[in-house]
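Architecture and fold: a report
Here are the chains, one letter per residue:
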Amino acid sequence: MKRVVWFAVPVCEIGLVVCLLAGVPLPLPVLLAVEALVLALVVRVALVVRRSYVSARRSGAGRREALAEGVRTAVPAPVRRLAAHEIRSWGSLARWAARRPHGVAAGGHPAPYTGPQTAMVYGLLFVALVETVAMAALIPWPLVHLIVLVLDVYTVLMVLALHAGCVTRPHVVGADGSLRVRYGTLFDLRIPASGIASVRVDRRFPDGGLVQYTPVEGEDSGVLDLVVGSQTTVRVELTAPVPFVRPLGATGRARVVRFHADRPEELVKALREALPPDVRV
C-alpha cells in the first residue's frame with residue numbers, strides 16, 4: 001500500500017497540473033483532495049527524515065550519514081533505485097560523448113550488447129521528435145506548449161541517456177577470468193572465475209521483459225535471463241548459485257545465467273582463454 005501511494009500521488013499531482021494549464025474545469029473538492037494528499041505525503045516524509053536524522057546524530061553519525069539514513073528510512077527502496085538509475089544514466093551521456101567506457105580495466109575484454117535495440121532506440125527518438133513538432137503546431141496555449149516542449153525534450157534526452165548507459169557499460173571479461181554481466185545502469189552481476197563451470201554460445205528468443213527468472217524446483221536458485229531485443233546468445237553455468245539484484249531491488253539466486261552479446265563467439269573465446277587452467281572450460 002505504501003508503494004502504491006508513493007507512485008499514485010505524484011501521478012495525480014501531474015495530472016492535476018496538466019488539466020489546470022489546459023483550462024479543464026475541476027471541482028474544488030477534487031483540487032483540495034489532491035493537494036491535501038500531496039501535502040500529507042511531503043509532511044510525512046519530512047517528519048520521518050527528521051526523526052531518523054536526529055536519532056542517527058545522537059548515535060554519533062555524521063551529518064551526511066545521518067541524512068542518508070533518514071532518506072533510506074523515509075523513501076521506499078524502489079523509488080531510491082529509480083532515482084539512482086536516472087542519475088547514472090545522465091552521467092552516461094558524458095561518458096558516451098567522451099568515449100569512456102565504464103568498468104573496463106586494463107586487460108579486460110568489453111562485449112557490447114546494444115545491437116538488437118539500437119534501431120528501436122533511434123526509432124523512438126524519431127517518433128519523439130515528430131511528436132514535438134506536431135504538438136508545437138497543434139497546441140494554441142503558450143504555457144501548455146512550453147510544458148509539453150520540456151516534457152518532449154526530457155523524453156528524448158532520457159531515451160538517449162538509457163541507451164548511452166548500455167553503450168558505455170558493456171559486459172566485461174576480466175583478465176583474471178571473471179565475468180561482469182550488465183544492462184546499462186539497471187543491472188550489474190559479477191561472477192568470479194572460480195564460479196564458472198561452463199560457457200557456450202546458446203541462441204534463444206524468450207518473450208517478456210529485461211530480467212526474467214525461472215526458479216528450479218527443489219532448489220533455492222534458478223535460471224536468470226537478461227534479455228535484449230527478445231534474445232539471449234550466451235549461456236553460463238555456475239559452480240554455485242550467485243545472488244543478483246533486479247532493477248527495483250528484488251533479489252534472487254541464479255545457477256545458470258543467459259544473456260545477449262552482439263558477438264557471442266568472441267566473448268566465449270575471451271572468457272575461456274582468461275580462465276585459470278584449473279577452471280578452464
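Across its full length, the protein carries seven helices and nine strands. Buried residues in the protein amount to 35% of all 281 residues. A fraction of 67% describes how many contacts in the protein between residues 6 or more apart in sequence connect residues 24 or more apart. Taken as a whole, the protein presents about 16,000 Å² of accessible surface, with 65% of it coming from carbon and sulfur.

Below, the discussion takes up the packing of helix 5 (residues 115–138) against helix 6 (residues 142–168). Packed helices, taken two at a time, are described by the angle between their axes plus the distance between the axes. Contact geometry for helix 5 and helix 6: axes closest at 10 Å, N-to-C directions at 170°. Comparing the axis directions of helix 5 and helix 6 gives the class roughly antiparallel. Within the contact between the two elements, helix 5 uses Gln 117, Thr 118, Val 121, Tyr 122, Leu 125, Ala 128, Leu 129, Glu 131, Thr 132, Met 135 and Ala 136 and helix 6 uses His 145, Val 148, Leu 149, Asp 152, Val 156, Val 159, Leu 160, His 163 and Cys 166. Looking at the contact of helix 5 with helix 6, its residues break down into 13 nonpolar, five polar and two charged.

This part covers the nonpolar core. By size, the foremost hydrophobic cluster in this structure holds 30 residues, and its most contacted members are Leu 179, Leu 189 and Phe 259. Of all the secondary structure elements, the ones that give two or more residues to this core are strand 3 (179–183), strand 4 (187–191), strand 5 (196–204), strand 7 (222–226), strand 8 (232–245), strand 9 (251–259) and helix 7 (264–274). Looking at this core element by element, the count peaks at five residues for strand 8. With near-sequence residues (within four places) excluded, Leu 189 lies in contact with Leu 179, Arg 180, Val 181, Leu 224, Val 242, Pro 243, Phe 244 and Val 257. In this structure, Leu 125, Ala 128, Val 156 and Val 159 belong to the second largest nonpolar core, which totals five residues.

For the structure shown, the criterion picks out seven salt bridges. Salt-bridge contacts for Arg 203 lead to Glu 265; the nearest nitrogen and oxygen are separated by 3.1 Å. Of this pair, Arg 203 sits in strand 5 while Glu 265 sits in helix 7, and the two are 62 residues apart along the sequence. Note on Glu 265: relative accessible area 46%, which makes it partly exposed. Where Arg 235 meets Glu 237, a salt bridge forms, and the shortest distance between an N and an O atom there is 3.0 Å. Taking relative accessible area as the criterion, Glu 237 reaches 28% and is therefore assigned partly exposed.

So, about helix 4 (residues 77–98). The end-to-end C-alpha distance of helix 4, which contains 22 residues, comes to 32 Å, matching closely the 32 Å that a straight helix rising 1.5 Å per residue would cover. Arg 99 sits one or two residues past helix 4 and shows a positive phi near 55°.

On the surface, Leu 143, Leu 146, Leu 149, Val 150, Val 153 and Leu 157 cluster together into a nonpolar patch covering about 490 Å² of accessible area. A relative accessible area of 36% means that Leu 157 is categorised as partly exposed.

Another aspect to go through is the pairing of strand 7. A large share of strand 7 lies buried, amounting to five of its five residues. Between strand 6 (residues 211–215) and strand 7, which follow one another and run antiparallel, lie six residues, and Gly 218 among them has a positive phi close to 85°. The sheet contact formed by strand 7 and strand 9 spans five bridges and is parallel. Each bridged residue has a counterpart across the sheet, and for Gly 222 the counterpart in strand 9 is Ala 254.

With that settled, the discussion passes to the sheet that holds strand 9. The mixed open sheet is built from five strands, whose spatial order is 5-8-9-7-6. Only two strands of the sheet have a single neighbouring strand rather than two, namely strand 5 and strand 6. The sheet shows a mean angle of 35° between the axes of neighbouring strands, direction not considered. Where strand 8 lies against strand 9, eight bridges are found, and the strand directions are antiparallel. Across the sheet, residue Arg 235 finds its bridge partner in strand 9, namely Arg 258. Along the sheet face, helix 7 touches strand 5, strand 8 and strand 9 and points at about 175° away from the line of strand 5.

Thresholds applied
Residue positions within a chain follow its written sequence, with the count starting from 1. Local features in this predicted model are restricted to residues whose pLDDT is 70 or higher, and side-chain atom pairs enter the listing and the counts only when it is 80 or higher, whereas totals over whole chains, interfaces and linings include all residues. To obtain the side-chain values, all non-hydrogen atoms of the structure were included, while hydrogens and water were left out. The way it works is that DSSP assigns letters per residue, a run of H or I at least four long becomes a helix, a run of E at least two long becomes a strand, and they are numbered from the N terminus. Think of it in three bands: residues with accessible area under 20% of the maximum for their type are buried, residues over 50% are exposed, and the middle band is partly exposed, with areas taken using a 1.4 Å probe on protein chains only. Working rule for contacts: check all heavy atoms of both residues, and any pair within 4.5 Å makes them a contact. For the area figures, the Shrake-Rupley method with a 1.4 Å probe applies, and any residue is considered shielded solely by the protein chains shown. Each axis is a line fitted through C-alpha atoms, and for a helix only the stretch in contact is used; angles between axes span 0 to 180 degrees, taken between their N-to-C directions. Working definition: roughly parallel below 35 degrees, roughly antiparallel above 145 degrees, roughly perpendicular at 65 to 115 degrees, and oblique for all remaining angles. Throughout, the ten residues Ala, Val, Leu, Ile, Met, Phe, Trp, Tyr, Cys and Pro are labelled nonpolar, Asp, Glu, Lys and Arg are labelled charged, and all others, Gly among them, are labelled polar. Take the buried Ala, Val, Leu, Ile, Met, Phe, Trp, Tyr and Cys residues and link them wherever side-chain atoms come within 4.5 Å; each set so joined is a nonpolar core. A side-chain nitrogen of Lys or Arg and a carboxyl oxygen of Asp or Glu constitute a salt bridge if their distance falls within 4 Å. By definition here, a helix of n residues has an expected span of 1.5 Å times n minus one. To count toward a patch, a residue needs a relative accessible area above 30% and no salt bridge. Like charges then connect within 9 Å, nonpolar side chains (Val, Leu, Ile, Met, Phe, Trp, Tyr) within 5 Å. Paired strands, in this sense, are two strands between which DSSP finds at least two bridges.

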